[in-house]
Amino acid sequence: MNAPERAPVNPLERLKDKGLLKTQSFIGGGWAAGGARFAVANPATRQVIAEVDDVGAAGAKAAVAAAHQAFQTWRKTSPFERAKVLKAWHALIMENVHDLAVLVTAEMGKPFREAQGEVVYGAGFVDWSAEEAKRIHGETLPTPFPGSRGWTIRQPVGVVACITPWNFPMAMVTRKCAPALAAGCTMVLKPAPETPLSALALAELAKRAGVPDGVFNVVCGEAEAIGPVLTGSDEVRMIGFTGSTEVGKILMRQAADGVKRVALELGGNAPFIVMDDADVEAAAAGVVASKFRVSGQTCVSANRVIAQEKVADRLVEALAEKVKALKPGDGFAEGVDIGPLIHDEAVARVDALVRGAKDAGAKILAGGRRLDDLGGAFYAPTLVEGGGYDLDLACFEIFGPVASVYRARDEAEIIARANDTPYGLAAYVYTQDIGRVHRLSEALDFGMVGVNAPMVGSPSTPFGGVKQSGIGREGGKWGVEEFTELKYVLLGGVEG
Ligand code: SIN
């Protein structure tokens, strides 16, 4: 007789501090239950690891009310006090990197090492924002009116509602919430339903750090019920969102009725350009770093590798070797380079894009298949070459572990091909020629250009796109400024 199958161990057992596992929404400083519950599953195993309360529209309304009330006092706190609280939050995040990374890997699958990196990256936005809180200031102005003085002040926008994605369940929360709180705003956050646990753990740490009740609220549940409350409330003055361009447009339309400010970080279609004078080995390593981070599920991921003809063969050869060496698997297993996709629908979508490319004549040089035998939502690290620039693979955001290479003759063709997209988030250029560095970085219609650098995001630099890739910037002084209103004051009757 066969031995009975053992139930798989829940990866959340790895948490050292079980108090970081929260399954209710965080509203007005307390944990709020909801009627229905939804399941959170580990995409590497499809195992349900937790059930979270859905607080629905009622929870969203309560959170907005709590944030509105808290705003009346938080807006008046000294920036030094806000900085102190944010520093304490940062310290607690850094003390709990292990546990926060466990939550990230368990609910969205990225390798544990990468998850630890994300937590540190995310903590950086809290630290930066704490410092920046003290540097929010206005200017004195010349005025044309005799006996007058003019100046500007920067004030918090008000209650901000943010909707964050599952691909960086920690860093996308801190990149929005920390600068908002630094500016004196209060926040209602709705995390992706796939990854609520990371956001809830951040809320628990915010509470422990002394963030006052109502300043930071997290509501979990269905977007269809919660979204319209957030976009429709008069008390919410700004909507922040990271996710697809399609959903961003819906939110923008909904926000238009209340003329709310929007900050949108949307889809991309990043060209990764390799010029004929590039260090080809470095470029191949760059493609792998950019493309296969988070299994290709980032908005800034290299979507089209455009190689100048002279170096294309060498690049493809170097890439094939590197892509074949990548080891997919459960993010908690040793030696795993790339984790699963977020769910089975994502696998089916990526597979359809690769099949479409193959049918159109593209060559599959590595991977090109689902990895169902790994027991989760896995797709093989894949390298595709050719098939034409009008493939769906080249025109739409792949959001999966598929690098696709296309060839181009010269700088003029490369610029035209790279810009031939409605998106404009990140672009990458590999070249050793300083003239090309300037010409290309100026000619590319993208919000960020990495030159001989495969990753662009950091707490101190502006992150965001042009065209249909979004509005606004996160990170650096710009990320904090986004949550402030500029007010002009004119003082008349000044003697002398
Ligand atoms: C994203 O994919 O939206 C964020 C990527 C990053 O911060 O590098």
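Just so you know, these numbers come straight off a predicted model, no measurement behind them.

Trainee: Outline the overall build of the protein chain, supporting the account with residue identities and numerical values.
Mentor: Counting its regular elements, the protein chain contains 15 helices and 22 strands. The C-alpha radius of gyration of the protein chain comes to 24 Å, within 12% of the 23 Å expected for a compact globule of 496 residues. Judged by the C-alpha coordinates and their principal axes, the protein chain covers about 75 × 75 × 40 Å. A burial count over the protein chain gives 57% of its 496 residues as buried.

Trainee: Go over the environment of Val 437 with me, naming the residues and quoting the values.
Mentor: Among the secondary structure elements, Val 437 is positioned in helix H14 (residues 434–443). Classification of Val 437 by relative accessible area gives buried; the value is 19%. Counting along the chain gives 15 residues from Val 437 to Asn 452, while the straight-line C-alpha distance between them is 9.4 Å. Sequence-distant contacts of Val 437, defined by excluding residues within four places in its chain, comprise Thr 431 and Val 451.

Trainee: Which residues make up the layout of surface pockets, and what values go with them?
Mentor: One way to see where empty space is left: roll a probe the size of a water molecule over the atoms. Estimates place the volume of the largest pocket at around 1200 Å³. Along the walls of the largest pocket sit 37 residues, with Trp 166, Phe 241, Gly 243, Ser 244 and Val 247 positioned nearest its centre. Of all elements in the fold, only strand E7 (159–164), strand E8 (186–191), helix H7 (223–232), strand E10 (236–242), helix H8 (245–256) and helix H11 (344–359) reach the threshold of two or more residues within the lining of the largest pocket. Among the elements that take part in the lining of the largest pocket, H8 stands out by supplying six residues, more than any other. Residues from two domains meet in the lining of the largest pocket; each of domain 1 (11–266 + 470–486) and domain 2 (270–458) gives at least three. Taken as a whole, the second largest pocket holds about 250 Å³ of empty space. Around the second largest pocket, the lining comprises 20 residues; the ones closest to its centre are Tyr 121, Phe 168, Arg 293, Thr 298 and Met 455. Among the secondary structure elements, those contributing two or more residues to the lining of the second largest pocket are helix H4 (112–133) and helix H5 (171–183). Considering each element in turn, the lining of the second largest pocket owes the most residues, four residues, to H4. Across the lining of the second largest pocket, the residue classes break down as nine nonpolar, five polar and six charged. Both domain 1 (11–266 + 470–486) and domain 2 (270–458) contribute no fewer than three residues apiece to the lining of the second largest pocket.

Trainee: Provide a residue-level description of the packing of helix H3 (residues 97–108) against H4, including the pertinent values.
Mentor: Orientation of H3 relative to H4, taken along the N-to-C sense of each, is 120°, at an axis distance of 8 Å. Between H3 and H4, the interaxial angle falls into the category oblique. Judged by the twist between their axes, the crossing of H3 over H4 is right-handed. Where H3 approaches H4, its residues Val 97, His 98, Leu 100, Ala 101, Val 102, Val 104 and Thr 105 are matched on the opposing element by Phe 112, Ala 115, Gln 116, Glu 118, Val 119 and Val 120. Across the contact of H3 with H4, the residue classes tally to nine nonpolar, three polar and one charged.

Trainee: Explain the sheet that holds strand E14 (residues 363–366) to me, and be specific about the residues and the numbers.
Mentor: Sheet strands pair via backbone hydrogen bonds, and the direction of the pair is either parallel or antiparallel. Taking strand neighbours across the sheet as the criterion, the seven strands line up as E14-E15-E16-E13-E12-E18-E19 in an open arrangement whose pairing is mixed. Unpaired on one side and paired on the other, E14 and strand E19 (448–451) mark the two borders of the sheet. If you compare each strand with its neighbour and ignore which way they point, the axes differ by 25° on average. Relative to strand E16 (residues 402–408), strand E15 (residues 382–385) runs parallel, the two being bridged by four bridges.

Trainee: So what about the site of the ligand? Which residues, and what values?
Mentor: Taken together, Tyr 121, Asn 167, Phe 168, Met 172, Arg 175, Thr 242, Glu 265, Arg 293, Thr 298, Cys 299, Val 300 and Phe 463 form the complete shell of residues around the ligand. Side-chain polar atom of Asn 167 to an oxygen atom of the ligand: 3.4 Å apart, as the coordinates give it. A distance of 2.7 Å is found between an oxygen atom of the ligand and a side-chain nitrogen or oxygen belonging to Arg 293. Burial of the ligand by the surrounding chains reaches 99%, relative to a free accessible area of 260 Å². When atoms are counted within 2 Å of each cavity's grid points, the one that captures over half of the ligand is the second largest pocket. Built from parts of two domains, the shell around the ligand gets at least three residues from each of domain 1 (11–266 + 470–486) and domain 2 (270–458).

Trainee: I'd like to hear about the domain arrangement of the protein chain, residue by residue, with values.
Mentor: Partitioning the protein chain into domains gives domain 1 (11–266 + 470–486) and domain 2 (270–458). Domain 1 and domain 2 are separated by 30 Å when their C-alpha centres are compared. Contacts between the two partners involve 27 residues from domain 1 and, on the opposite side, 28 residues from domain 2. In terms of surface lost to domain 2, no three residues of domain 1 exceed Ala 44, Arg 46 and Trp 166, which account for 23% of the buried area on that side. For the pair domain 1 and domain 2, the number of links is one salt bridge. With a closest N to O distance of 2.9 Å, Asp 344 and Arg 46 form a salt bridge. Elements with a minimum of two residues in the side of domain 1 that touches domain 2: H3 and H4. Looking at the side of domain 1 that touches domain 2 residue by residue, the classes come out as 13 nonpolar, five polar and nine charged.

About the cut-offs
Residues numbered from 1 in each chain as written. Predicted model: local features only at pLDDT ≥ 70, side-chain atom pairs only at ≥ 80, totals over all residues. Heavy atoms only, no water. Helix = DSSP H or I, 4+ residues; strand = E, 2+ residues; numbered from the N terminus. Rg over C-alpha atoms; globule rule 2.2 N^0.38 Å. Buried < 20%, exposed > 50% of the residue type's maximum accessible area, 1.4 Å probe, protein only. Contact = heavy atoms within 4.5 Å. 1 Å grid on protein atoms, 1.4 Å probe; cavity = no way out; pocket = protein on both sides within 12 Å on 5 of 7 lines; lining within 4 Å. Points joined across faces, edges and corners; volume = space filled by probe spheres on them. Domains from an automatic or database assignment. Nonpolar A, V, L, I, M, F, W, Y, C, P; charged D, E, K, R; others polar. Axes fitted to C-alpha atoms, helices over the stretch in contact; angles between N-to-C directions. Parallel < 35°, antiparallel > 145°, perpendicular 65-115°, else oblique. Left-handed = near helix turned anticlockwise from the far one by under 90°. Pairing = 2+ DSSP bridges. Near = heavy atom within 4 Å. Polar contact = N/O pair within 3.5 Å; in protein donor to acceptor, adjacent residues only side chain to side chain. Areas by Shrake-Rupley, 256 points an atom, 1.4 Å probe, with all protein chains shown as cover. Sits in = over half its atoms within 2 Å of the grid points. Buried area = accessible area lost by both parts, 1.4 Å probe. Salt bridge = Lys/Arg side-chain N within 4 Å of Asp/Glu carboxyl O.

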